[in-house]
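Here's the letter readout for the chains.
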Amino acid sequence: FFNNKKEQIFVVLCILFGFILMILLPIKAVPDELAHINTAYHFSSQLLGETKNGDETFQIRGTDAVVLEDNYEFQYDSALADDYYSKINLDVNYGESRTIRVDSLLIGNDIAYYISAIAISICKLFNLNGFITLLSGRIANLCIYLILGYFSVKNFPYNKLLPMFILLLPMS
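Residues numbered from 1 in each chain as written. Predicted model: local features only at pLDDT ≥ 70, side-chain atom pairs only at ≥ 80, totals over all residues. Heavy atoms only, no water.

(A) Representation of the overall build of the protein. Along the backbone of the protein there are seven helices and two strands. Secondary structure elements of the protein occur, N-terminal to C-terminal, as α-α-β-α-α-β-α-α-α. The buried share among the 172 residues of the protein stands at 38%. Look at the contacts in the protein between residues 6 or more apart in sequence, and 76% of them connect residues 24 or more apart. In the structure as shown, the protein presents an accessible area of about 10,000 Å², 63% of it carried by carbon and sulfur atoms. (Helix = DSSP H or I, 4+ residues; strand = E, 2+ residues; numbered from the N terminus. Buried < 20%, exposed > 50% of the residue type's maximum accessible area, 1.4 Å probe, protein only. Contact = heavy atoms within 4.5 Å. Areas by Shrake-Rupley, 256 points an atom, 1.4 Å probe, with all protein chains shown as cover.)

(B) Layout of the pattern of salt bridges. Under the counting rule described, the total for this entry stands at three salt bridges. Of the charged contacts, one joins Glu50 and Lys124 as a salt bridge, the two residues approaching to 3.0 Å between their closest N and O atoms. With Glu50 in the loop between helix H2 (33-47) and strand E1 (57-60) and Lys124 in helix H5 (residues 111-125), this residue pair connects regions lying 74 residues apart in the sequence. A relative accessible area of 10% means that Lys124 is categorised as buried. With a closest N to O distance of 2.9 Å, Asp64 and Arg61 form a salt bridge. For the residue pair Asp64 and Arg61, the accessibility class agrees, reading buried in each case. (Salt bridge = Lys/Arg side-chain N within 4 Å of Asp/Glu carboxyl O.)

(C) Spotlight on H2. Between its first and last C-alpha, H2 extends 21 Å over 15 residues, near the 21 Å set by a 1.5 Å rise per residue. When you tally the buried positions in H2, you get 11 out of 15 residues, the bulk of the element. Within H2, burial applies to Glu33, Ala35, Ile37, Asn38, Thr39, Ala40, Tyr41, His42, Phe43, Ser44 and Ser45. (Expected span 1.5 Å × (residues − 1).)

(D) Highlighting the state of the cysteines. A full pass over the atoms with the stated rule returns zero disulfides. Considering cysteine sulfurs only, Cys14 is the nearest to Cys143, which forms no disulfide, with 9.3 Å between them. On the basis of relative accessible area, Cys143 is assigned to the partly exposed category, the value being 39%. (Disulfide = S-S within 2.5 Å.)

Any functional reading would require information beyond the geometric quantities listed.
This is the structure:
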């Protein structure tokens, strides 16, 4: 099926492992993820014209705030999993929109956040709930990682198993 193409095997395994990790690790369960989410959300707000460049505050929808305010960091168990995944069907009009001040924006390598910001913006435009909106940022990052990893494995001059193995190691 793969005709010994390591880059194709990488794609299949990366999609499989990526989605398994997304299912098992709730939003904010990864160290420092909140700072990355806030930065991508901030860029999304800029793309949609909701805030200006340089603002330290931005408007967040109530449905997004509900997912972000829950604290799942390093205390994940089955009860929290049930509560977390119940938010998949969260009504988009749930909760009050609010302005939040963010001190932890990761400014400097802005291009790294544009893909997830575009995915978040599309979800906001289609009025999807907070769980789907924030998960779309993760999926967008996985897609970019998949594309870059594919070409890295494909263009590696010898022993393509080495970069494939390194790229498939869990990052979190």
